[in-house]
Amino acid sequence: MSRAGRIARRSFLVGSVAIAGGAAFGAWFIGREAPNPLRPGAGEAALGPFVLVTREGVTLITPRAEMGQGTQTTLAALIAEELDLAWQEVRIDHGPAARAYYNAALLAEGLPGKGYDRSDAMHALGEWLGQAGKVFDLQVTGGSTAMRDAYVKYRLAGAAAREALKAAAARRLGVDAATLSTEAGRVIAPDGTAIPYGELAEAAAAERLRAPDLRPASEWRLLGRALPRLDMPAKSTGRAVFSLDVRPEGLKFAAIRANPMRAGIVSFDPAPALALPGVERVVDLGDAVAVVASNTWFALQGAEALAVEWEGAPYPPDTGSILARIEAAFESDPNSTLRDDGDAAALPAGATEVAADYAVPYLAHAAMEPLNATALLQGDRLTIWTGTQGPMFAKKVGAAETGLAPENVDVVTTLMGGAFGRRGEVDFPRYAARLAAAMPGTPVQLVWSRSEDMRQDFYRPAALARMRGAVADGRAVLLDAQVATQSAAQQGMKRWTGLAMGGPDKGAVDALFNAPYRIANHRVRGYLADLAVPVGFWRSVGASHNAFFQECFMDELAAAAGRDPLDFRLAHMEDEFPVGAAVLRAVRELSGWDAPKAPGTGRGVAFCYSFGTSVAMVVEVREAGGRIRLDRVAIACDAGPALDPGIIEAQMVGGAIYGLSAALDEAITFAGGAAEQENFPDYDALRMSGTPAFAVRILSAQPHVGGVGEPGTPPAAPALANALFDLSGQRARRLPLRPDFPTLA
Amino acid sequence: MALTLVVNGRAHALDLPPEMPLLWVLRDALGLTGTKYGCGVAACGACTVHIGGQAVRSCQVALGDVAAEVTTIEGLGGASSLHPLQEAWIAHQVAQCGYCQSGQIMQAADLLARSPAPTDDEIDAAMDGNLCRCGTYPRIRAAIHAAAAKV
Ligand code: FES
Ligand code: FES
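Since the model is a prediction, treat every value here as computed from it, not as a measurement.

### A short note on the overall build of chain A
On a plain count of helices and strands, chain A comes out with 21 helices and 27 strands. Whereas a compact globule of 745 residues would reach a radius of gyration of roughly 27 Å, chain A reaches 27 Å, a difference of no more than 12%. With respect to the three principal axes, the spread of C-alpha positions in chain A is 80 × 70 × 50 Å. Each of the 745 residues in chain A was classed as buried or not, and the buried ones make up 65%. Residue pairs at least 24 apart in sequence account for 77% of intrachain contacts in chain A once pairs closer than 6 positions are excluded. Of the roughly 24,600 Å² of accessible surface on chain A, 53% is carried by carbon and sulfur atoms.

### A closer look at the overall build of chain B
A tally of regular secondary structure across chain B gives five helices and five strands. What you see in chain B, going N to C, is helices and strands ordered as β-β-α-β-β-β-α-α-α-α. The dimensions of chain B, computed from C-alpha atoms along their principal axes, are 45 × 30 × 25 Å. Here chain B holds 151 residues, and the buried ones make up 59% of them. Restricting the contact set of chain B to residue pairs at least 6 apart, pairs at least 24 apart contribute 56%. Mean positive and mean negative side-chain charge positions of chain B (9 and 13 charges, respectively) differ by 8 Å.

### Focus on helix α21 (residues 716–728) of chain A
Working note: α-helix, 3.6 residues per turn, so residues spaced by three or four point in the same direction. Residue and element names in this part refer to chain A. If you check α21, its first and last C-alpha atoms are 18 Å apart, about what 13 residues at 1.5 Å a residue would give, namely 18 Å. The buried count for α21 comes to 10 of 13 residues, which makes it a mostly enclosed element. Among the residues of α21, those classed as buried are Ala 716, Ala 717, Pro 718, Ala 719, Leu 720, Ala 721, Asn 722, Ala 723, Leu 724 and Leu 727. Each element contacted by the buried residues of α21 is listed here: α17 (543–561), α18 (565–573), β22 (601–610), β23 (613–624), β24 (627–638) and α20 (645–665).

### Structural notes on the pairing of strand β11 (residues 288–293) of chain A
Residues and elements named next belong to chain A. Counting buried residues in β11 gives six out of six residues, a clear majority hidden from the surface. Burial of β11 is two-sided: the residues Ala 288, Ala 290 and Val 292 facing one way and the residues Val 289, Val 291 and Ala 293 facing the other way are all buried. As paired strands, strand β8 (residues 252–258) and β11 are joined by six bridges and run antiparallel to one another. Bridging from a neighbouring strand, Ala 254 pairs with Val 292 of β11. Two strands pair when backbone bridges link them, and strand β10 (residues 279–284) and β11 are joined in this way by five bridges, in the antiparallel orientation. What sits directly across from Val 279, in β11, is Ala 293. From the end of β10 to the start of β11, which pair antiparallel, there are three residues, and Gly 286 there has a positive phi angle of about 90°.

### Some details on the domain arrangement of chain A
Residues and elements named next belong to chain A. Annotation of chain A at the domain level lists domain 1 (3–222) and domain 2 (332–363 + 459–728). Using C-alpha coordinates to define each centre, domain 1 is positioned 36 Å away from domain 2. Contacts between the two partners involve 22 residues from domain 1 and, on the opposite side, 24 residues from domain 2. Summing both partners gives a buried area of about 1,800 Å² for domain 1 against domain 2, and 61% of it is carried by carbon and sulfur. The largest contributions to the domain 1 side of the interface with domain 2 come from Lys 114, Tyr 116 and Ser 144, which together make up 37% of the buried area. Seen at the junction of domain 1 and domain 2, the total is zero salt bridges. Here domain 1 is connected to domain 2 by six residue pairs in polar contact (both at pLDDT 80 or more). Of all the elements in the fold, those that place two or more residues in the side of domain 1 that touches domain 2 are α3 (71–83), α5 (120–129) and α7 (146–173). The class makeup of the residues in the side of domain 1 that touches domain 2 is six nonpolar, 12 polar and four charged.

### Focus on the nonpolar core
Judged by nonpolar contacts, the single largest core of 191 residues is most densely connected at Tyr362(A), Leu720(A) and Ile144(B). The biggest single contributor to this core is α20(A), with 10 residues. For Ile144(B), the residues in contact, after removing those within four places along its chain, are Leu85(B), Trp89(B), Ala108(B), Leu111(B), Leu112(B), Pro118(B), Ile123(B) and Met127(B). Leu60(A), Ala77(A), Leu78(A) and Val90(A) belong to the second-largest nonpolar core, a separate cluster that totals 56 residues.

### Digging into the domain arrangement of chain B
All names here are of chain B. We note that the domain assignment places domain 1 (2–75) and domain 2 (84–150) within chain B. Distance from the C-alpha centre of domain 1 to the C-alpha centre of domain 2: 21 Å. On the side of domain 2, 12 residues touch domain 1, which itself brings 17 residues to the contact. At the surface where domain 1 touches domain 2, the tally comes to zero salt bridges. Scanning the region where domain 1 abuts domain 2 turns up eight residue pairs in polar contact (both at pLDDT 80 or more). Looking at the side of domain 1 that touches domain 2, the elements that each hand over two or more residues are β3 (48–51) and β4 (54–57).

### Description of the sheet that holds β22(A)
All names here are of chain A. Strand order in this open sheet of four strands is β22-β23-β24-β27, and the pairing throughout is mixed. Each having just a single partner strand, β22 and β27 (693–699) make up the two edges of the open sheet. With direction set aside, neighbouring strand axes in the sheet form an average angle of 15°. Where β23 lies against β24, 11 bridges are found, and the strand directions are antiparallel. Its bridge partner being in β24, Arg 622 is matched across the sheet by Arg 629. Contacts from α20 reach β23, β24 and β27 within the one sheet, and its direction differs from that of β27 by about 130°.

### A word on the packing of aromatic side chains
The relative placement of two aromatic rings is captured by the distance of their centres and the angle of their planes. Residues and elements named next belong to chain A. Per the stated rule, a full pass over the model turns up 21 aromatic pairs over all chains. Summarising the aromatic geometry, the rings of Tyr 116 and Tyr 609 are spaced 5.7 Å apart at their centres and angled 80° between planes, so their arrangement reads as edge-to-face. Taken together, the residues span a long stretch of sequence, with Tyr 116 in the loop between α4 (105–108) and α5 and Tyr 609 in strand β22 at a distance of 493 residues. On the basis of relative accessibility, which here comes to 9%, the residue Tyr 116 falls in the buried class.

Criteria and cut-off values
- Residues numbered from 1 in each chain as written.
- Chains lettered and ligands numbered in written order.
- Predicted model: local features only at pLDDT ≥ 70, side-chain atom pairs only at ≥ 80, totals over all residues.
- Heavy atoms only, no water.
- Helix = DSSP H or I, 4+ residues; strand = E, 2+ residues; numbered from the N terminus.
- Rg over C-alpha atoms; globule rule 2.2 N^0.38 Å.
- Buried < 20%, exposed > 50% of the residue type's maximum accessible area, 1.4 Å probe, protein only.
- Contact = heavy atoms within 4.5 Å.
- Areas by Shrake-Rupley, 256 points an atom, 1.4 Å probe, with all protein chains shown as cover.
- Lys, Arg positive; Asp, Glu negative; His and termini not counted.
- Charge placed at Lys NZ, Arg CZ, Asp CG, Glu CD.
- Expected span 1.5 Å × (residues − 1).
- Pairing = 2+ DSSP bridges.
- Domains from an automatic or database assignment.
- Buried area = accessible area lost by both parts, 1.4 Å probe.
- Salt bridge = Lys/Arg side-chain N within 4 Å of Asp/Glu carboxyl O.
- Polar contact = N/O pair within 3.5 Å; in protein donor to acceptor, adjacent residues only side chain to side chain.
- Nonpolar A, V, L, I, M, F, W, Y, C, P; charged D, E, K, R; others polar.
- Core = buried A, V, L, I, M, F, W, Y, C linked by side-chain atoms within 4.5 Å.
- Axes fitted to C-alpha atoms, helices over the stretch in contact; angles between N-to-C directions.
- Phe/Tyr/Trp six-rings, centres within 6.5 Å; stacked < 30°, edge-to-face > 60°.

Okay, structure coming up:
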């Protein structure tokens, strides 16, 4: 362990400094058992785990998955804001897989409560609890938590490094550190002498790290602005290195073939693959087969040519029988009743009852870059290059596959061509490590063809809802929601940790139990079907289906109450959640909700609070020439302090397009135990011509930072469904929409 | 039998089967990884390059059928300068994950070469084969218009 690492560890324990400085959560911010993984060379200094100073300058460690959401740019801005770096000189590196980079906000998401009503004390408790993330090695990018984890932590890291550099400069100049200032990567003395940080690296490494006060937002130079993203030039010139672009010396290319029925292999014959040009080996991966070749194309051809007899699916073979099993879950005891206000069993006297059933399908992630990972077993070291949302999990599976100790496994996390939750899984590093173990000394890149990627997904589970409610005097007096689905969390936990997770699955009812409406009799029950169809975390998880149920039904209640849908929502939200109500009012203005509609247009609104952020969306559709087009979308959001409005805007629009794409066309269906969709022609998304015009307004009334990668997705489908009702008078109660609305363009 | 392929102004002698798709020649034989694999079936546009100045899906063109010079994203700008589209992409902060963007830019470059001031309908028609799962279409459209104004 380097001296700098030792120092960093001890003095951050004096996180009381941070407390004294008014940042309430310093004590654990870098804790006892998380050593600094950086290994500075001679003349370099690791000023904490996030700042590496070399003679050439400063590299900031941004240890979260960059899958398009811009997280690494804003993480760097948080550090650079306090460290006083010139933005054009900021260099970043994902850094190694390490406990020090645990995500403290992930576990806080699991705290009881609705989220939007969390008190300051509960926020503090959540941040405290987050320490456990370290114990579980939760270096995870997911749940839209990166900024919630980083908001205080990374600024403190920048401030601590800055003060260490100043202390080193003060010693060298023989002046009081208080007389020094910092600017653009240099310490400035009162006489104007400027010392670049790089020259102070060695001396600063000996300084004790302390965290002073954080600067108030009013003094921010980087945060709060739409900064040029650090990855933009490379991504505009083809120079960006994605997982599939790593090219270690001597690389072999391999393609995987796995059971589309998601079970094992009875037998396989490698001969047809080996007979093809360029194919060098066929490797048995246990429940999958890899074909190794000198070029990916040879490998793909070989994988397709393999003759394999598969075991049968461990779940019902077709969509109808799978959905019947989900439907049957309604007859079991609920897994959760996370909201139970008043008496939801009775129908309030004089009220009009409304009931409707909804259904949504399984969905694939279908990130643009097909799954892949590259691995090399060299002596007693394994290196895995891959785009992963959970590098510590990749490290563990690499160790398990090779029998090496985890510290002998290096994980190099690359840029990701999308992920949307899929790259939090561990199958791709696992198979790559298994393949590398079969060919020691040779680096090998294992790729999933698009068809394998789509058929080996951990899908967003299908979900069914039974909604019952009642209105009286223009208000909802009853909302009794039941949802039946599979648990992504239970399956995911099992895959990550090997442990079975019991108890209520909050994610399965997210955006239903915590829909921020005040309704006197309000119950939400979640039912879980025990099914082995592989399911996982899909951008916005449970909110991706529950916002559809909740917000479509809210529209049905509004109609039964004879109220404008937006007024109706506001009436139930104003007192319950003022931040959300302000977002609804903002989208009302931005969309021109109260302006008269042109003939042949329909408008729909939806709201969802998810991942700590409120998003309201108005979709306008227009019918012309026998086609229904998505015309305009207005989005208002409040994710607390808007750290980078340019990135927030991109995430709101991108999240909405992801949700609209799914709502229009996407469904994974099963026949003979296998997914019937294999590629974009049968699992398509919005294209340029179908994409509506967007307007986004960002509010910042909420004091706490919220997520932005996921919350843009949930309101998209219900806003579109409600617009279609407004246009046609026909309710859209199942997704995808096109079968019921065939003229959608 | 060696085939000769000219990519970004450089000639390469390649001992590869003529039926190998250009995509995999570029990525795995020549190390030009800016061109991406997304679907392999002409449904996403991530693999778009220029052959003789025209945008094509390199996953669908066999090496033996390449009859003109190939330009990839790595060769689009000058040696030290960016193509106006690349400048516009940066100015409009288009990319999210970025994986589709090489193909988007190559497709847009073909459009601007044919139609220096494209309308929205022309942009739709030219760009519809290029999928972006991150949903960057509004910024792509804005960047194409901005680049057109400069060309
Ligand atoms: S990879 Fe060629 S079009 Fe998708
Ligand atoms: S930027 Fe990610 S697919 Fe287009």
